[in-house]
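Chains, contacts and geometry: an overview
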Amino acid sequence: MTRRAAAGGFVRGWERAAAALAKNHRRKPGREVAGAFAEAVEEALLDHVEATVARLGIKDANRRFALVATGGTARREPCRHSDLDLCLVFRAEPAERDVELVRELYYPLIDAKIPLGRTERTLRDLEQLLHSDLHTATSFLGARLLHGSKGIFAEVERLARETARGRHREWLLKALLDETARRRQREETPYVIEPHLKDSRGTLRDLHTIHWAAEHLAPAGAAEDPFTPGELDALGAAHDFLLEVRNELHLMEGREQDQLTVEHQIVAAPRLGFEAREQALPEEALMRRYYRHAREVDHAMERVLEWLRAELEPPARGAAPAPRWIHGIQFEERGGVLSPTAETRARVESDPGLLIEYAHRAASAKARVDAPWLRGLRPRVDALMAPARESPANRERFLAVLRDETSADRALALMHRWGVLGAYLPEFKLVELLPRIDQYHRYTVDEHLLRAVRSSREARLGQGVFAQGPVAEEARSVLRWDLLNLALLLHDVAKGLGKGHVVRGAQLAQQVGERIGLNKREQMVVRTLVGTHQLLTHLVTRRDPEDPGSALEAAGQVNDPEVLRMLFVHTACDLSAVSSSGWNEWRAAQLHALYVATRKALSGMHPSPEPLPPGELVEKVLSHFGEGAPDRTRREVAQFLEDMPSRYRSTTPPEAMARHAALAAELHASSKKALLRLSPLGTGGAFELLCVADDVPGLFVNLCGAIAGLRANIHAAQVYTGNAGICIDVFQLHAPKRASLDADVVERLEAKLNAVIEANAEEDWGALRRGGPVREPLRDIQPEIKIDNEVSPQYTVVEVFAADRPRLLYSLACALNDCGLSVELALISTESYRVADVFYVTGWDSNKLTDPVLQERLRRRLLQALGAEPDPAKDKPKRRSDHA
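Residues numbered from 1 in each chain as written. Predicted model: local features only at pLDDT ≥ 70, side-chain atom pairs only at ≥ 80, totals over all residues. Heavy atoms only, no water.

1. With respect to the overall build of the protein
Within the protein, the secondary structure is distributed over 38 helices and 16 strands. Residues classed as buried in the protein amount to 57% of the 884 residues present. Counting only contacts in the protein whose residues sit at least 6 apart along the sequence, the fraction spanning at least 24 positions is 72%. Working note: accessible area of the protein is about 37,500 Å², and carbon and sulfur atoms make up 49% of it. (Helix = DSSP H or I, 4+ residues; strand = E, 2+ residues; numbered from the N terminus. Buried < 20%, exposed > 50% of the residue type's maximum accessible area, 1.4 Å probe, protein only. Contact = heavy atoms within 4.5 Å. Areas by Shrake-Rupley, 256 points an atom, 1.4 Å probe, with all protein chains shown as cover.)

See below:
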């Protein structure tokens, strides 16, 4: 009998169980569907085990081994393509026929491509692992005997109990806390846009830990359930939901898939019954439900962690709480927890603004709060706070939080968690757990706003991404941090109302200012910051950085130097709180150049930037080469900078210039036409791809095609061409988890790019792309093309607004190249589902594109590249360089 035939009965049983799962999925609760699937698979497995034992003539199976269900199989919660978690436990070292049993039992299943998570252990091996390996210890909590020796399994249970409750308990608790801390440090919030359904905060791994703590780790004499019936119901609903979504991903992909990506959300949401509404897309409704469940699980997990820590580090016996008077309010502190005294708690009923004070003091002291008391109070927070929203005393308490340079973000996060922030500022509730599903934002809107306030602390103290650069310098000069932080807290709240969030946001900011009692000047500052929070970003991503019109436009909308300074810092904090790729040295240099030019415009000076003297700029760049740069390097750097256009020298950070100059020297010393270098930008899959190349025909279009081959998303780009024919192209990329960006891939890409340039040939760059079809646009957005000859005195400005998708920039570059246009400047930016790509171009004669016929041909060719027009006539002009 072949191995496949030996497993035939099990495979048929597995397929019947899978068909039943697919049928009941979405119709029944997730745990019920998983439990039925597990039972059906186990029934088929037992038949397979018994048939294998009989075929091998094993007469003493009930004494020789124990087949044990572990992990998800033991919990009876497998999803469609989850592993079947099994362990064969032998009393002693396996004999030859035991090895044969393993082979005949498992290999047919492996040949049939059944997903297995299987191990074989002796009792001695298992004892060592249960006391030293966390994965083994937790997978055997709740293990079940499927077949074989009850005596061996009784030993397994004894060893597991010894780990959970006996002499190895302290090791297990410490290991579990350490592993959980590492996992939560990797992802410090549950409110990420693309969560992992097993490992992200507030998901299945946390539910498992809660289950282990409640069922297997509770010390003797502890209450049977550490949670109320209502809390248990909430955790059960979260469990059902997560299993349902996980099954949906498995069925969609035909394999184990636990990362809930943007693409998966868009497809899964309508399948799971979520519909589009006026203020939310189906996937946004799905994710808002997800965040509600993840929040419940995350809060329960924090309680479990506190309980486990308290067992390992119990407070000293007989230690009385230490009373503390803070601003005339009495608290008591014990074991790192700051709690209001009984008298203070009674005062909250008549003075709910004390909750703002409490959050502020706990955040300032970096102390934990009295969670049980706040949990009981939370259902009444709105009713308590409603009559106190206009209180001058509470305004001062709230502004004091916003002024605090070291703990404002922590205090606001505490207030948000316990409902105090939304109770005091009802506008903030509009974005509670609200996602904006795209590949640009990483967090929910409320989480983004809180992180923007955290970024303001880092800017003020010169920390994090603001440890170097002009933002920290300007931040130290801001006079009203309370108003700046209030604007950061409010700038996106109108996203909860649908489209037009900037204008609506300014109206809401005015409403808040009037209600809490800000004076007219304060109201104006907050309203202006919220109403113009996208202004500087739009100008640097859609206009030539050297265009004085950009500074004049900014000065026309923000005509107060102090408000302009606050807007500059606000913009930096906003961008840095979007994602790890939202803020980088390029964006910092561009924004600062625009800010300086706008300040000059406000003072009556011409806004054109004043370049550094050549010698001073060379010295700044050389400082990034290290000490003792030789004279040859000095001459090469000076020549390189002299050859580059003035906008390069005015908007490029000196450290970046140093990298470019070094790579240009390396290019001259080589026989290549182009060199590529890849470097990470922070964390989260953000990269910078630098190309230094000779200016040759088709360079820009081929470089865009090369990046398309990497399956990376382009979020921004800078294109510069020197007088001596050196091109500097810099792309900020985001590589999804499915993409691979490493030195080997970039080396192959560089080799192919050089071969294409040498051959002066057309190239289909899709061949380098790894696996899978090109993803369709996430949203059906009507494309828009603008061709403008008024913005720039030298160039035609082509603006393209369209739905984002892979290879889009490559398609647009091909269209421009086909129309015989030279790209002098490319400003590439991605916003939500939409790209806003701006190209400064000239025709063959280095003049603007003024002929209406040629403009219409360009418009149609771009629309065709966007998929909105049929192929135009194929009379393509002769190619020329696409760098001026």
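That covers the picture; the talk isn't over yet.
2. Observations concerning the packing of aromatic side chains
To describe a pair of aromatic rings, you give the distance between the ring centres and the angle between the ring planes. For the coordinates displayed, the defined rule picks out 13 aromatic pairs. Look at Phe568 and Tyr595: their rings are 4.6 Å apart centre to centre, the planes differ by 10 degrees, and that puts the pair in the stacked class. You can see Phe568 sitting in helix H29 (residues 561-576) and its partner Tyr595 sitting in helix H30 (residues 585-602), a full 27 residues away along the chain. Across this residue pair, the class does not change: Phe568 and Tyr595 are buried. Here the aromatic residues Phe10, Trp14 and Phe37 are joined through ring pairs into a cluster of three or more. Across from the ring centre of Tyr443, 4.0 Å away, lies the NZ or CZ of Arg451, which sits over that ring. (Phe/Tyr/Trp six-rings, centres within 6.5 Å; stacked < 30°, edge-to-face > 60°. Lys NZ or Arg CZ within 6 Å of the ring centre and 35° of its normal.)

3. As for the pairing of strand E14 (residues 796-803)
In terms of residue burial, E14 counts as a mostly covered element, since eight of its eight residues are buried. One ladder, built from five bridges, connects strand E13 (residues 784-788) with E14; its direction is antiparallel. Paired with Glu784 across the strands is Phe801, a residue of E14. Both E14 and strand E16 (residues 834-842) contribute to a ladder of eight bridges, which runs antiparallel. Residue pairing across strands places Val800 opposite Asp837, the latter belonging to E16. (Pairing = 2+ DSSP bridges.)

4. Thoughts on unusual backbone geometry
The phi torsion at Arg76 lies on the positive side, around 55 degrees, for a residue other than glycine. Among the structural elements, Arg76 can be located in the loop between helix H5 (71-75) and strand E2 (84-90). At Leu433, a position not held by glycine, the phi torsion is positive, near 60 degrees. Its place among the elements puts Leu433 in the loop between helix H21 (420-424) and helix H22 (445-461).

5. Looking at the pattern of salt bridges
This model, assessed by the stated rule, comprises 61 salt bridges. Asp60 serves as the salt-bridge partner of Arg64, at 3.6 Å between the closest nitrogen and oxygen. Taking the relative accessible area as the measure of exposure, Asp60 reaches 13% and is therefore buried. Close ionic contact of Arg201 with Asp298 constitutes a salt bridge, the shortest N to O distance being 3.0 Å. Here Arg201, found in the loop between helix H10 (169-186) and helix H11 (204-217), pairs with Asp298, found in helix H14 (residues 282-312); they are 97 residues apart in sequence, far enough to count as distant. Taken as a pair, Arg201 and Asp298 share a single burial class, namely buried. (Salt bridge = Lys/Arg side-chain N within 4 Å of Asp/Glu carboxyl O.)

6. What to know about the environment of Gly725
Relative to the elements of secondary structure, Gly725 occurs in the loop between strand E11 (713-721) and strand E12 (726-734). Taking C-alpha positions, Gly725 is 5.1 Å from Asp695, a pair spaced 30 residues apart along the chain. Not counting chain neighbours up to four residues away, the residues in contact with Gly725 comprise Ala693, Asp694 and Asp695.

7. Here's the deal with the sheet that holds strand E1 (residues 65-69)
Taken in spatial order, the four strands of this open sheet run E3-E2-E1-E4, and their pairing is mixed. The open sheet has two edge strands, strand E3 (116-122) and strand E4 (144-148), and neither has a second partner. Each strand axis lies, on average, 25 degrees off the axis of its neighbour in the sheet, ignoring direction. With five bridges connecting them, E1 and E2 associate as antiparallel partners. The partner of Val68 across the bridge, within E2, is Cys87. With respect to the sheet, helix H7 (residues 123-130) is in contact with E2 and E3, its orientation differing from that of E3 by roughly 110 degrees. (Axes fitted to C-alpha atoms, helices over the stretch in contact; angles between N-to-C directions.)

8. Quick notes on the environment of Gly820
When you line up the elements, Gly820 lands in the loop between helix H37 (808-818) and strand E15 (822-831). For the pair Gly820 and Trp844, spaced 24 residues apart in sequence, the C-alpha to C-alpha distance is 6.4 Å.

9. Focus: the packing of helix H19 (residues 392-403) against helix H24 (residues 481-490)
Close contact between H19 and H24 brings their axes to 8 Å; oriented N to C, the two are set at 90 degrees. Considered as vectors, H19 and H24 are oriented roughly perpendicular to each other. Note on element contacts: H24 touches H19 through Trp481, Asp482, Asn485, Leu486 and Leu489, opposite Phe398, Leu399, Leu402 and Arg403. Residue composition of the contact of H19 with H24, by class: six nonpolar, one polar and two charged. (Parallel < 35°, antiparallel > 145°, perpendicular 65-115°, else oblique. Nonpolar A, V, L, I, M, F, W, Y, C, P; charged D, E, K, R; others polar.)

10. Looking at helix H13 (residues 262-271)
Burial within H13 is extensive, with seven of its 10 residues counted as buried. All of the buried residues along H13 are Val262, Glu263, His264, Gln265, Ile266, Ala268 and Ala269. Buried positions along H13 lie against helix H12 (229-253) and H14. Phi turns positive one or two residues past the end of H13, at Gly273, with a value near 95 degrees.

11. Some remarks on the environment of Arg309
Relative to the helices and strands, Arg309 is located in helix H14. Residues Arg309 and Leu177, spaced 132 residues apart in sequence, show a C-alpha to C-alpha distance of 7.9 Å.

12. Concerning the nonpolar core
Judged by nonpolar contacts, the single largest core of 91 residues is most densely connected at Phe398, Leu412 and Leu425. In terms of residue count, the dominant contributor to this core is H29 (nine residues). When near neighbours in sequence (up to four residues on either side) are disregarded, Phe398 contacts Ile356, Leu412, Met415, Leu421, Tyr424, Leu425, Leu486 and Leu489. The next biggest cluster of nonpolar side chains, apart from the first, holds 53 residues, and it includes Leu703, Leu749, Val841 and Ala865. (Core = buried A, V, L, I, M, F, W, Y, C linked by side-chain atoms within 4.5 Å.)

13. Overview of the side chain of Arg361
With respect to the helices, strands and loops of the structure, Arg361 is situated in helix H16 (residues 354-365). In this structure Arg361 comes out as buried when scored by relative accessible area, which is 13%. Here Glu357 takes part through its side chain, which lies 2.8 Å from a polar atom of the side chain of Arg361. (Polar contact = N/O pair within 3.5 Å; in protein donor to acceptor, adjacent residues only side chain to side chain.)

14. Focus on the pairing of E11
Along any regular strand, the residues point their side chains to alternate faces of the sheet. Taken across its nine residues, E11 has nine buried, putting it largely inside the fold. Counted along the chain from E11 to the antiparallel partner E12, the turn is four residues long, and its residue Gly725 has a positive phi close to 90 degrees.

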